[in-house]
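Residue-level listing of the chains:
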Protein chains: 2
Amino acid sequence: MTLFEKIIARQIPANVVYEDDLVFAFHDIKPQAPTHVLIIPKKPVVRIGEAQAADQALLGHLMLKAGEVAKKLGLAESGYRLVINNGRDAGEAVPHLHVHILGGRALGWPPG
Amino acid sequence: MTLFEKIIARQIPANVVYEDDLVFAFHDIKPQAPTHVLIIPKKPVVRIGEAQAADQALLGHLMLKAGEVAKKLGLAESGYRLVINNGRDAGEAVPHLHVHILGGRALGWPPG
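My aim in this report is to walk through the structure given alongside it, one point at a time.

**Observations concerning the nonpolar core**
Formed by 46 residues in total, the largest nonpolar core has its most connected members in Ile39, Leu82 and Ile101 of chain A together with Ile39, Leu82 and Ile101 of chain B. Contacts of leucine 82 of chain A, omitting those with residues within four sequence positions, involve Met63, Ala66, Val99, His100 and Ile101 of chain A together with Ile48, Leu82, Val83 and Ile84 of chain B. Val83 and Ala90 of chain A together with Ala33 and Ala90 of chain B belong to the second-largest nonpolar core, a separate cluster that totals 10 residues.

**Regarding the packing of aromatic side chains**
Residues and elements named next belong to chain A. If you walk through the whole model with that rule in mind, you get four aromatic pairs over all chains. Each ring, one from phenylalanine 4 and one from phenylalanine 26, has its centre 5.6 Å from the other, and the planes form 70°; the classification is edge-to-face. Pair noted here: phenylalanine 4 is in helix H1 (residues 3-8) and phenylalanine 26 is in strand S2 (residues 23-27), with a separation of 22 residues, a long-range link. The exposure class assigned to phenylalanine 26 is buried, which follows from its relative accessible area of 3%. Plain terms: the ring middles of phenylalanine 24 and phenylalanine 26 are 5.9 Å apart, the flat faces sit at 55° to each other, and that makes the pair tilted. Each of the two residues, phenylalanine 24 as well as phenylalanine 26, counts as buried.

**Let's talk about the interface of chain A and chain B**
The partner chain B presents 39 residues to the 39 residues of chain A that form the contact. The contact between chain A and chain B buries some 3500 Å² in all, and 58% of this surface belongs to carbon and sulfur atoms. For chain A, the biggest contributors to the area lost against chain B are Leu64, Asp89 and Trp109 of chain A; these three give 18% of the whole. The tally of links between chain A and chain B comes to 18 residue pairs in polar contact (both at pLDDT 80 or more). Those elements giving two or more residues to the side of chain A that touches chain B turn out to be helix H2 (56-72), strand S4 (80-86) and strand S5 (99-103) of chain A. Partitioning the side of chain A that touches chain B into residue classes produces 19 nonpolar, 16 polar and four charged.

The rules behind each value
- Residues numbered from 1 in each chain as written.
- Chains lettered and ligands numbered in written order.
- Predicted model: local features only at pLDDT ≥ 70, side-chain atom pairs only at ≥ 80, totals over all residues.
- Heavy atoms only, no water.
- Core = buried A, V, L, I, M, F, W, Y, C linked by side-chain atoms within 4.5 Å.
- Buried < 20%, exposed > 50% of the residue type's maximum accessible area, 1.4 Å probe, protein only.
- Contact = heavy atoms within 4.5 Å.
- Phe/Tyr/Trp six-rings, centres within 6.5 Å; stacked < 30°, edge-to-face > 60°.
- Helix = DSSP H or I, 4+ residues; strand = E, 2+ residues; numbered from the N terminus.
- Buried area = accessible area lost by both parts, 1.4 Å probe.
- Polar contact = N/O pair within 3.5 Å; in protein donor to acceptor, adjacent residues only side chain to side chain.
- Nonpolar A, V, L, I, M, F, W, Y, C, P; charged D, E, K, R; others polar.

Here's what the structure looks like:
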C-alpha cells in the first residue's frame, strides 16, 4: 500500500481539499509554492505512462477536477501550473499517479 | 486563429511527432530540455480551467497519448515531466491548451 492509498483510506492524516468517488485532493506536505495541492485518482494507477485505455474517462475526470480544485483554491485568476512526474528524471516520489497543482506565485521557466 | 491552430492546419511548419483525429504533438521551438514536445487537442480548448464536462473523453485521450508519445520519444525508462500552464503566474504563452512533455535530463524541483 503506498502512502497515497493510506491517505485515501484516512490511515494517514492529510489536509483534504476535495474528494469524490474517483479522485482525492490534498495539500502537499512539502509545498513548493504558496498553494501546492496534489490530486490523485483513487484507483492506484502507478504513473501516467502505465495508464491504460480503460483509464481514459478517469484521466479526463482527474484533469477536469484539477482545474476545478485550482478554481476553488482561488487560483483561476492569478494562474497555476499542473505537473505530473513520471520516473527517475522527473523525480517521481510516490508510485501512484498524482497531479501537482501549484500557484500563488510567479512560476519560473523551465519547469525544473 | 492561434499559433497552434495554424500549426495544426499546416499553415506554419512544425516538427510533428504524432497526430490522430483528436490530438497533435510537435517539438517545442524553444526547448527547455533535450526532448521537449507539446501535445495539444485539435479542438481549441483555451486552457485547462476552461475545459468543460463534455471535454472529459478528449482530456483523457490527451493524457494517454502524452504518455504514449513520451514512450515513442524514448523517455519511458529515463523519465519525463508533463506540464500544463494555466494563466499569468504559470507563464501560459498560447491560449490553446497544451501539455509540455520534457525529458532527456534530470528535472529540478520545484518545477519553476
